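# Examination of the molecular architecture
Here are the chains, one letter per residue:
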Amino acid sequence: EEYSTSEQGTEELAARKGEQVEVALRHYSGWSLCRQRKSSDPEVPTVDGWLPDSCLSDHPRNAATKRHRLVLNGLQTLADDAAAVEAAFYQFRLQGPEATGTTLHALYDQVLALVEEYRNICAVMQAYAEADEAAWQEQQAKAAEEAERQREADEAWLGLPGWVVEGKKAYWVSKVQKKW
């Protein structure tokens, strides 16, 4: 299986199955920034580019926390970007637009981009929660089916009808004596 870029000049990395790449950054969007060596010679520079996570294999010990790490990395990046915008706004207020080289409109656009990024992170978290809920419900349904199969197997083994509950007192009318 091979992953190659669809356009020339894109920042995506072309890789073949089995090739080793170094993951520099994982993004919650499902893409990872990777470094690839084209030669074993350390003098040859590496090639950087983005690969979809579906093309990458993970070490099994990291699989359980991968989603959490991706979301936390996204939130950390968002917090860092928000702090940078706040610092730029502070400099804008102190020194004015001429000294900082930015405009209030540009800062506003950066804030809107941060809000959009936060919404994207929330949407990813919601999708993760829905997937977890669906998996939990599927697991509960399988457990209920297994319990029902076990109950039916127990009934078949004992030779008792389904309406008999083991461990409870049973009352019946004697056909011979015609009494309880």
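Bear in mind the structure is a predicted one, so any value in this text is a computation, not a measurement. (Residues numbered from 1 in each chain as written. Predicted model: local features only at pLDDT ≥ 70, side-chain atom pairs only at ≥ 80, totals over all residues. Heavy atoms only, no water.)

## A word on the environment of arginine 149
- Note on placement: arginine 149 falls in helix H2 (residues 104–158).
- Residue classification places arginine 149 among the partly exposed positions, given a relative accessible area of 47%.
- A polar contact of 3.0 Å, which involves the side chain of arginine 149, links it to the side chain of glutamate 146. (Helix = DSSP H or I, 4+ residues; strand = E, 2+ residues; numbered from the N terminus. Buried < 20%, exposed > 50% of the residue type's maximum accessible area, 1.4 Å probe, protein only. Polar contact = N/O pair within 3.5 Å; in protein donor to acceptor, adjacent residues only side chain to side chain.)

## Topic: the side chain of aspartate 53
- Relative to the helices and strands, aspartate 53 is located in the loop between strand E5 (47–52) and helix H1 (66–100).
- A polar contact is formed between the side chain of aspartate 53 and the side chain of serine 32, at a distance of 2.4 Å.
- Those residues in contact with aspartate 53 that sit more than four places away from it in its chain are Arg26, His27, Gly30, Trp31, Ser32, Lys66 and Leu70. (Contact = heavy atoms within 4.5 Å.)

## Some thoughts on the nonpolar core
- Listed in full, the eight residues of the largest apolar core are Tyr28, Leu70, Val71, Leu78, Val85, Leu114, Ile121 and Val124.
- In terms of residue count, the dominant contributor to this core is H1 (four residues).
- Setting aside its immediate chain neighbours within four residues, tyrosine 28 contacts Leu70, Val71, Gly74, Glu117, Asn120, Ile121, Val124 and Tyr128.
- Judged by nonpolar contacts, the second largest core, of five residues, contains Leu13, Ala15, Cys34 and Leu56. (Core = buried A, V, L, I, M, F, W, Y, C linked by side-chain atoms within 4.5 Å.)

## Some points on the side chain of arginine 26
- Structurally, arginine 26 can be placed in strand E3 (residues 22–26).
- Engagement of the side chain of arginine 26 in a polar contact is seen with the side chain of serine 32, the distance being 3.5 Å.
- Engagement of the side chain of arginine 26 in a polar contact is seen with the side chain of aspartate 53, the distance being 3.2 Å.
- With residues up to four places along the chain from it excluded, the contact list for arginine 26 reads Trp31, Ser32, Asp53, Leu56, Asp58, Lys66, Leu70 and Asn73.

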